[in-house]
Structure formats: structure tokens, C-alpha cells
Amino acid sequence: MTTPWSRRGFLTVCTGTAVAVGLGPRAFSAPDEFATLRARWRDLILGEGFDPAAEPFRSRLADLGTTAGRYRDTMAPAAGSLWPDLVYADPDPDTDQESYVYSGNMNTSYTRLSTLAQAYCQPGTGLTGDADLRDAILTGLDHLHDDVYNAAQARYGNWYSWQIGAPQALLDVCVLMYEALPAPRLAGYLAAVDHFVPDSAVASYSGTSTGANRVDLCRVLALRGVVGASAAKVALARDALSPVFPYVTSGDGLYADGSFIQHTTVPYTGSYGSVLLGGLGLLFALLAGSGWEVTDPDRQIVFDAVEHAWAPFLYNGLVMDGVAGRAISRGLSAADPGRIQQDDHLRGHPILASIVLLGQGASTAENARWRALVKGWMQRDRYSPPLADPVLSLPHLARLKGVQDDGSVTAVDEPVGHRLFPSMARATHRRPGWAAALSMADKRITYYETGNGENLRGWHTGSGMLYWWRDTFANGQYSDAFWPTVDPCRLPGTTVSRKALADAAGGDWGASKPDVNWVGGATDGHRAAVGQYLKGLQSTLVAKKSWFFLDDTVVCLGAGITCTDGAAVETTVENRNLGPTGGAPFTVDGTVEPAASPWSATLTGARWAHLGGHGGYVFPGGATVRALREARDGSWSTINKAGSTTVLNREYLTMYVDHGTDPANASYAYLLLPGATAAATRARAADRHWLTVLANTDGQQGVAVRSLGFTGVNFWFGGTVGTLTASAPACVMISERGDGTAVVAVSDPMRMRTGLTLTWRRPVTAVTSAPATLTSAATGSTLTLAFGDLTGTAGATQQVTVRLG
């Protein structure tokens, strides 16, 4: 670190010790272990290897000092509060929403003390080593301990505040201010941690002690051991991590297909998954080379998950909202004095930095590959450059700056391919120049998660929402106040009854799930057929929805759309956020429609449409589509009780198919062409032979694209579609290659088939590879594949490679 302070002098100001360590494994003698671990934790939470006089660090350190100065000046210890705006004394302590606020204020009070301690220890804050600041920190610690967070206090409100939030911040302060803390006071703080986070908190891998929460609890226990020189606590923390590593088949954790679930039913790779990844990176680095190094061989599962579970949902620096749960509603907080809006990019940047940190404990090849991936994501994040992220921590900034400045690292392009995540009803499709993601729901996966007053109107995010991004534009599509201003009943890709729903309809914490089995798909890793049997939230709506993900197109089909709610039913083809001013040209069948809003029209017999700067849409055979431009108002407080009440306005271009009130067996068909020009969209619409819709009924949906050698069919029931016959419900995708071979990809999204026979009327000379579940295969003018028990495949694709005749 380049700094006017010597490293020895800097550490002396913070802790009175001259121990300084890096993050790599090292051996050290037992008497020095806890001092070494304390010093290592300081490096991990303060950052190292950066120049505090250079940007972006100089400004960030100055801002830290300004914030800390404000907190110090407004601190006013009183019964029930440390700061007047953070009253934590609960007049009626229980676990209702009001008590959550009081416990959260206690948590935030410790977080502010942590900010003060960082400003005291970091160089360049204007408060480095300031005696008055040190005294304020000690006063705050004593007050919170004596008044609320002590071994005699019963917890109230949110368990998280007492077991994770407050103790993590408290222990960080204890490390940073270690030498300034009198032994009796330190013992009292540790006794409080022991009271609220006893060893029994990790005795069982269940309840709130799973997944990311378990990693957070282990961080508390490990730091409790380090600060209190308790080898037993550190060992307990290390050992309690082990249940996090293995793949799970239900509930919270990582799945073999790359899914990550928290709160039992919620896809959470981008929020709780970020916490898990970051927490494990910190603990692996803290304990490396010590007597408590994490050596469980199953930790390789976490390393494998970087590319298997997280990378598919990272795109140009953002993490996709379909795996962020209720975090999508955390935009602008009413309590944030900096008025910094959170979004998919600001959620993605910490994941990039955590991957860099985790790489220090991975293999040389993994570390090099991950740094190349991160460098690429950073370079392509033009919408929200990571090094300008106003809330990214200094250690994370230092890690990302290190990658950016590392001349030995060559940025790699976005990964390309299709990934299905049947265990969390998600799919991602990545092509050169664009990416898409699909969010669904089934009997295992909730429609959406609400809780803590958050994500109050996320009702339909699991009803087939189809997200998409381009490489050089539209990467702020869901970042720029999308969630508070979009019509929550017109999310792109969804089929929805417009029956009125209450805020938080269906219950908190992912309680509401549709009673459906058939949700999933089949893929060869490049293209895919995906389907969702949709039942509406608190609605009689049912529908069969299919998506066929191809090279430059997503083919979208809907059938069997039936509802008796007494409300209109709509399928939203697109609802594009055009920003505060709008104006993107909209062309339908060669006619440029008005650019001003409000505007609306019924497009009868429309064959294609194009939205300038975004992409194209084709309606095979023509369709009646409603289109509108509108300016929509909204505030974050409408979807999150802690959100800002400031009214925001964004322009939208919406296209939807109006199925009418109480439709019976309605249908739709359209093609999405991300990034296509108007000319390319017109040409695709004019080529009547490019796509063949083989079926679009309540029983089967399928398409064929001869030029690609692609056939995809969702058999909702067994039957015959084109040249394919399935004996039972299944998803089938065939990709004929140019080398005389074909891949037949099959799955049972229902996970119920003890046997499945698939017949393809196509000359085949040989089966060259097949899964173990394939019990027989006959070749000739007809290929017959008999699969054995598919119930144990968890909806995964089974691939058979054949040589064509």
C-alpha cells in the first residue's frame, strides 16, 4: 500500500501491534495465531494493496471520513438509543413488523460504529487515529452493551439482527479497536455474542441455520473465537461450514444443476447466494494456513459453483434479477442520506469481487480463469462501471482494481450457451451479443418472495417473465427504476389475469406456490425447449407456455389459456423501459408509429414490429396485438415499505395480446429477436418457411426450424407431433448437426416417469452415445428410444447422440 503512513505505524494506530500479514496460506506458531488472525481479518475488511492517494480510493476514503464525522457528531447516548434517529427500545417487544424496525435500528447502530472504526483505521479519511473518534467508538460500544446487546437481554424483532447483523459489526469493531478495549469490557461484548449466538446455533443444519445464513453464523463464531482467543470456537465455526458444501436435493443450498435456494422455495443466487460466496471467501482466506484451515474436500463444490452456478447469471457486471428474490425492490431507501439507488449492477459487483477473493484459495488454473472472467465483466459494464460503484466496499474495490491493473490477465468474452436450472425453475440463454433469462414457478418454487415489507407487488415475476439484455446497450433495462414504475401485471413474457391482488398477496417468505409439476425443459447446451404449466396466483388462470431458445431468436408459444376470474387476461409480448424521455422509434409492418406518449393502438394482422435500439418481434401468420406508449409514475415505497416516497417517471413501450375476459383455450405465438435491426426483423417475417409451428394446443406445443436442424416439442400429454411420438409427458429437443449426427435431448420436467418411450421417424444408422437410463434403442427408418426410471434425474436433460442415415 502506498501511503504517508508506514504499514507498521498504520497498524499501531489501529491496534497497538505491528503484526502484518497477507491473505495467502502461511504457517505461524500457536502463540501468535490469534494475533495473526486478527491482523489478517483487518486486511480482509479494510483492504490492502491500494494507493489511498489515487482514485477511486482517495474520494471513497474522504467520503468515509465525512460520513464518520457526521455519525460522531450526531451520536447522543440515551436510554433506548445511541442515535436519535435509531431508537431500538421496543415498547411492545415481539416479532411483528414494528419490532423488526426496532431490532433493525439496534443492528444499524452497530453498523455505524463499524463505519467509525473503519474511518479511524483507514488512511486518508481525515479522522485516521483521531483520539476523539476513538473515544466516541468506545462510548458507543459501552452504551449499546449496557443498554441493549448484553447477556441479560431477550431478543425481539428480527432474529437476524441479533444473531448475524449486530454481532458481525460488533466483532469487526473489536478487531479494529482491539488494543483500545479494556479486557473486562471486551469480555462483556463476547459474553453478549455467546448469549445470542450460542454453539447450538449451528448444532443442526436446519431452520435459519442453512445456506448463506449458516455461513454468516460461522463468521460470527470464527471471529468470536479469534477475538476471544478460543480455539474451540474457531474449530466449531470451521466444522459448521461443512454442511454448506454438499449438493442438496431439497431446501436451502447449492444443487447439482447449479441452482441455489434460500428460504426453502426462493431462487437466490444473486442475493443470499452473494452473501454465501462472499462469506466463504472471507473465511477461507482468514483461516488459510492456520491450525483451523478449511480442508473439507467438499469445498471444491463451491469452487465449481463459480462457473456452474454464479457465472450463468452474471452479464456485463450485473447479476440477473430473476435470482435476486425480494432484493429487486431495494432501490432507493427512505433512510439513505446518500440517495444511492441499488440495482442489478450494484448487486453484481460484490459477486465479482468475491470471486476474485475466492480464487486465492482455488487452483492456479481456476484463479486465472476467474480473473479473466471478472476482467471481462468489468470492462463491459459501461452502464455502471464497478470501480465507480458508490457502495462497493474498499476491500472489494481494491480486489477489482487489482484485476483491472493486472496486465497478465486478458479479459474473456461472455460465456455462450444455454443453461437449465430445473431445481429453481430458471433458465439462461447466452448468445454472442445478447443474453436472456426466464423465471417460472412450480410446486417447489414460489411465485415470488415478499417479507419485511419488501417486494410487495412481485406477484407475477414467476409467471414466465422473460428478461433480455444486449452486449453494448439496454444493460440498464431493469436497473433504471424499472421495478417501481413498470405495470406489475404486464411483465414481459408473462400471461396474467388482471384480477386485483393485494400487496404481498400469497404470504411472506415464498409461502405461495402453484400446484403444478410440468415446469422445465431440455437442452443440448446451446439451444433449448422450455415449458411452464402456469396457474395464476390467487387466480383460476391456467395456461401452457413454451419457449424455444435458438441462435438469434426466442420462439414463444401459449395455448390452453383459460380463466374464470371475471377479469381480462393478457400475455405481455414486451414492456420495454425507455428511460425518462423515451422516444425510441417503433415500427409495425414498415409503418413508423407516433413517438409521443400517450399513444395506443390495436395492431390488427400485425406480422412484425421493431423497437429502435432494442430488437424485433415477429408474429407468425399475423396477430392482433395491443401496443401503447405511456409515461408511468411510481415510487420505491409502493413496492417496499422502507423505500423512498420520491415519485419517479419512466416511459414504456408495451405490446400485449388481449385474450379478453374469461378466455377459454386462447393462444398466442411470437418471436423475440434481441438486437435485430428493422431490416432483419422484416426479412424474418417475410420468410414463411423459416419456422414451422408443429403444434400449439393444450396437449402439445412444438416448432421446427429446418435451416437450423432444430425441433423442439413440449408434450404436456403423450402424443404425436410431426415426426415425434412420446408415450407420456416429456420435453424433447433435437439438434441435427452438419456432420451427419444429431443430439436428441429429453427430460421429464414432472420428475414422475418410471419409463418413457420416444419415437422419431427419421432414418438413423447408429446410437453413438446414450445415458444409463436408456434401456433400448432401435435404428432404421424409425428411431425408438426407451428410457428407464427418470424420477431420479431431478428434471435434468438426458442426451442421446445418433448417426443419421
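Further up the page is the structure itself.
First things first, this report covers the structure right here in the doc.

Definitions and limits used
Residues numbered from 1 in each chain as written. Predicted model: local features only at pLDDT ≥ 70, side-chain atom pairs only at ≥ 80, totals over all residues. Heavy atoms only, no water. Phe/Tyr/Trp six-rings, centres within 6.5 Å; stacked < 30°, edge-to-face > 60°. Buried < 20%, exposed > 50% of the residue type's maximum accessible area, 1.4 Å probe, protein only. Lys NZ or Arg CZ within 6 Å of the ring centre and 35° of its normal. Pairing = 2+ DSSP bridges. Helix = DSSP H or I, 4+ residues; strand = E, 2+ residues; numbered from the N terminus. Axes fitted to C-alpha atoms, helices over the stretch in contact; angles between N-to-C directions. Salt bridge = Lys/Arg side-chain N within 4 Å of Asp/Glu carboxyl O. Parallel < 35°, antiparallel > 145°, perpendicular 65-115°, else oblique. Left-handed = near helix turned anticlockwise from the far one by under 90°. Contact = heavy atoms within 4.5 Å. Nonpolar A, V, L, I, M, F, W, Y, C, P; charged D, E, K, R; others polar.

**Considering the packing of aromatic side chains**
Item 1. If you walk through the whole model with that rule in mind, you get 24 aromatic pairs.
Item 2. Between Trp469 and Tyr478 the ring centres are 5.5 Å apart and the planes differ by 75°, which places this aromatic pair in the edge-to-face class. Just as Trp469 is buried, Tyr478 falls in that class too.
Item 3. Pairwise contacts between aromatic rings join Tyr315, Tyr467, Trp469, Tyr478, Phe482, Trp483 and Tyr652 into one cluster.
Item 4. The ring of Tyr178 has Arg38 sitting right over it, with the charged end atom 3.7 Å from the ring centre.
Item 5. Over the aromatic face of Trp690 sits the side chain of Arg684, whose NZ or CZ is 3.8 Å from the ring centroid.

**Some words on the sheet that holds strand E31 (residues 774-778)**
Whenever strands of a sheet pair, they do so through backbone hydrogen bonds, lying parallel or antiparallel.
Item 1. Pairing in this open sheet of 5 strands is antiparallel, and the strands run E25-E26-E29-E32-E31 from one edge to the other. What marks the edges here is a single partner per strand, and that holds for strand E25 (719-721) and E31. Neighbouring strand axes in the sheet, compared pairwise and without regard to direction, differ in orientation by 15° on average.

**Overview of the pattern of salt bridges**
Item 1. Considering all chains together, one arrives at 34 salt bridges under this definition.
Item 2. Here Arg238 ties to Asp239 by a salt bridge, and the two come within 2.8 Å at their closest N and O atoms.
Item 3. On the basis of relative accessibility, which here comes to 21%, the residue Arg238 falls in the partly exposed class.
Item 4. With a relative accessible area of 45%, Asp239 lands in the partly exposed category.
Item 5. The salt bridge partner of Arg498 is Asp487, with a shortest N-O separation of 3.3 Å. In this pair, Arg498 sits in the loop between strand E10 (495-497) and strand E11 (519-523) while Asp487 sits in the loop between helix H15 (482-485) and E10, placing the two residues 11 residues apart along the sequence.

**Remarks on unusual backbone geometry**
Item 1. The amide bond that connects Glu55 to the next residue, Pro56, takes the cis arrangement and shows omega of 5°.
Item 2. Residue placement: Pro56 occurs in the loop between helix H2 (33-46) and helix H3 (57-74).
Item 3. Between Ser597 and the following residue, Pro598, the backbone shows a cis peptide bond with an omega angle of 5°.
Item 4. You can see Pro598 is positioned in the loop between strand E17 (591-592) and strand E18 (599-611).
Item 5. Its identity is not glycine, yet Ala229 carries a phi of approximately 55°, on the positive side.
Item 6. Of note, Ala229 is situated in the loop between helix H8 (211-227) and helix H9 (231-240).

**A short note on the packing of helix H5 (residues 131-147) against helix H7 (residues 183-196)**
Item 1. Where H5 meets H7, the axes come as close as 11 Å, and the angle between the chain directions of the two elements is 45°. Here H5 lies oblique to H7, going by the angle between them. Between H5 and H7 the crossing geometry is left-handed. Here Leu138, Leu141, Asp142, His145 and Asp146 of H5 come into contact with H7, specifically with Arg185, Gly188, Tyr189 and Ala192.
Item 2. Across the contact of H5 with H7, the residue classes break down as 4 nonpolar, 2 polar and 3 charged.

**Some remarks on the environment of Thr108**
Item 1. Checked against the element boundaries, Thr108 lands in helix H4 (residues 97-121).
Item 2. Accessibility expressed as a relative area gives 32% for Thr108, which makes it partly exposed.
Item 3. Sequence separation between Thr108 and Gly273 is 165 residues, and the spatial gap between their C-alpha atoms is 22 Å.

**A short note on the environment of Ala151**
Item 1. One can find Ala151 in the loop between H5 and helix H6 (159-176).
Item 2. Residue class for Ala151 comes out partly exposed when judged on its relative accessible area of 43%.
Item 3. The sequence separation of Ala151 and Ala191 amounts to 40 residues, and the corresponding C-alpha distance is 6.0 Å.
Item 4. Filtering out sequence-adjacent residues up to four positions away, Ala151 remains in contact with Ala191, Ala192 and His195.

Keep in mind that these numbers describe shape and distance, not what the molecule does.
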